[in-house]
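Fold and geometry: a report
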Amino acid sequence: MKLDTVNIQNSTTILTDEEIGMDVKDMPHITNLLRKQIYSDKLLAVLREYSTNAYDAHAEKGIPQVPIKINFPTLVKPTLDIRDYGDGLTEEEVMQIYIKYGASTKRNSNSVTGCLGIGCKSAFAYSTQFTITTFKDYTRTQYLARIDENNIGTIAKTTETRTDESNGVMVSIPIKSSDFEELEDKARSMFKFWEVTP
């Protein structure tokens, strides 16, 4: 989504100039703030952010009428899986998008929802790890995103195999069994407003 910008020109004499940024040593603190403070309803945030990303992948591919796929957690498989059938992601795209807060591919279009570069890391608000599985050109690649013991986010490629599955991305977030029912209730409430129900 394109954001409006305002440019204000001030007349001033600048004697020194420094860029605003962050030291690497402060990243665990910033990561912790973004993980724990940005979402008031962490369970809903996970459901909303990844479902919206999946819908955006369909919109970008020109298939908004195709439903995204959601598998709710069970005792046998306690993960929430959200799968799209968009173009999929290359390894370079996964590493760029999922590793860097603020990284987004959606800032130049109003046909998609996201643009802040935070939503695809929203699983970290609920869990210390989640997996991203990409399906791209007959290759299935899985990545583990996690917060390590130093509160630093990392991502690692864990498997790569051939597949005949359609291109797309699936994000899998471990869900506590005590949250299963609440998650399904939130999904029913949220998806009743979607034109194409997952």
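Quick note: structure is the one above.
Please read all numbers here as calculations on a predicted model, not as lab measurements. (Residues numbered from 1 in each chain as written. Predicted model: local features only at pLDDT ≥ 70, side-chain atom pairs only at ≥ 80, totals over all residues. Heavy atoms only, no water.)

1. A look at the pairing of strand β5 (residues 153-162)
- Strand direction decides the pairing type here: strand β4 (residues 139-147) and β5, joined by nine bridges, are antiparallel. In the strand pairing of β5, Arg-140 is matched with Thr-161.
- Where β4 folds back onto β5 in an antiparallel hairpin, the turn is made up of five residues, including Asn-151, whose phi is positive at roughly 65°. (Pairing = 2+ DSSP bridges. Helix = DSSP H or I, 4+ residues; strand = E, 2+ residues; numbered from the N terminus.)

2. Examining the pattern of salt bridges
- Taken as a whole and assessed by the stated rule, the structure comprises eight salt bridges.
- With a shortest N-O distance of 2.4 Å, Lys-77 and Asp-81 are connected by a salt bridge.
- Among the residues examined, Asp-81 registers a relative accessible area of 4% and is labelled buried.
- One connected set of salt bridges, linked through shared partners, spans Asp-41, Glu-182 and Lys-186. (Salt bridge = Lys/Arg side-chain N within 4 Å of Asp/Glu carboxyl O. Buried < 20%, exposed > 50% of the residue type's maximum accessible area, 1.4 Å probe, protein only.)

3. Structural notes on the environment of Thr-159
- Relative to the helices and strands, Thr-159 is located in strand β5.
- Residues Thr-159 and Gln-142 lie 17 residues apart in sequence; the distance between their C-alpha atoms is 5.2 Å.
- Beyond its immediate chain neighbours, meaning those up to four positions away, Thr-159 contacts Arg-140, Thr-141 and Gln-142. (Contact = heavy atoms within 4.5 Å.)

4. Re the sheet that holds β5
- Strand order across the open sheet formed by six strands is β1-β2-β6-β3-β4-β5, with antiparallel pairing between neighbours. The strands lining the two open edges of the sheet, one partner per strand, are β1 (69-71) and β5. Averaged over neighbouring strand pairs, the angle between their axes works out to 15° when direction is ignored.
- Looking at chain direction, strand β2 (residues 79-83) and strand β6 (residues 168-174) are connected through five bridges and run antiparallel. Residue pairing across strands places Asp-81 opposite Ser-172, the latter belonging to β6.
- Sheet strands in contact with helix α2 (residues 42-61) are β1, β2, β3 (129-136) and β6, and its direction is about 25° off that of β2. (Axes fitted to C-alpha atoms, helices over the stretch in contact; angles between N-to-C directions.)

5. Structural notes on the nonpolar core
- Within the largest apolar cluster, 32 residues are counted, with the highest numbers of intra-cluster contacts made by Tyr-50, Tyr-98, Phe-130 and Ile-173.
- Those elements that place two or more of their residues in this core are α2, β2, α3 (91-99), α4 (123-126), β3, β4, β6 and α5 (180-191).
- Setting aside residues no more than four positions away along its own chain, Phe-130 makes contact with Tyr-50, Tyr-98, Cys-120, Ala-123, Phe-124, Tyr-143, Leu-144, Ala-145, Val-171, Ser-172, Ile-173 and Pro-174. (Core = buried A, V, L, I, M, F, W, Y, C linked by side-chain atoms within 4.5 Å.)

6. Here's the deal with the packing of aromatic side chains
- Inspection of the entire model under this criterion finds five aromatic pairs.
- With a centroid separation of 5.9 Å and an interplanar angle of 70°, the aromatic rings of Tyr-55 and Trp-194 are classed as edge-to-face. Of the two residues, Tyr-55 is situated in helix α2 and Trp-194 in the segment after α5; the sequence distance between them amounts to 139 residues.
- With a centroid separation of 4.9 Å and 85° between ring planes, the pair formed by Phe-191 and Trp-194 is classed as edge-to-face.
- In this structure, Arg-83 packs its charged tip against the face of Phe-135, placed 3.9 Å from the ring centre. (Phe/Tyr/Trp six-rings, centres within 6.5 Å; stacked < 30°, edge-to-face > 60°. Lys NZ or Arg CZ within 6 Å of the ring centre and 35° of its normal.)

7. Here we look at the packing of α2 against α5
- Running from N to C, α2 and α5 point in directions that differ by 50°, and their axes come no closer than 10 Å. Taken together, α2 and α5 sit at an angle that is classed as oblique. α2 and α5 meet at a crossing whose hand is right-handed. Contact residues: Leu-43, Leu-44, Leu-47, Arg-48 and Ser-51 in α2; Glu-182, Leu-183, Lys-186, Ala-187, Met-190 and Phe-191 in α5.
- For the contact of α2 with α5, the per-class residue count stands at seven nonpolar, one polar and three charged. (Parallel < 35°, antiparallel > 145°, perpendicular 65-115°, else oblique. Left-handed = near helix turned anticlockwise from the far one by under 90°. Nonpolar A, V, L, I, M, F, W, Y, C, P; charged D, E, K, R; others polar.)

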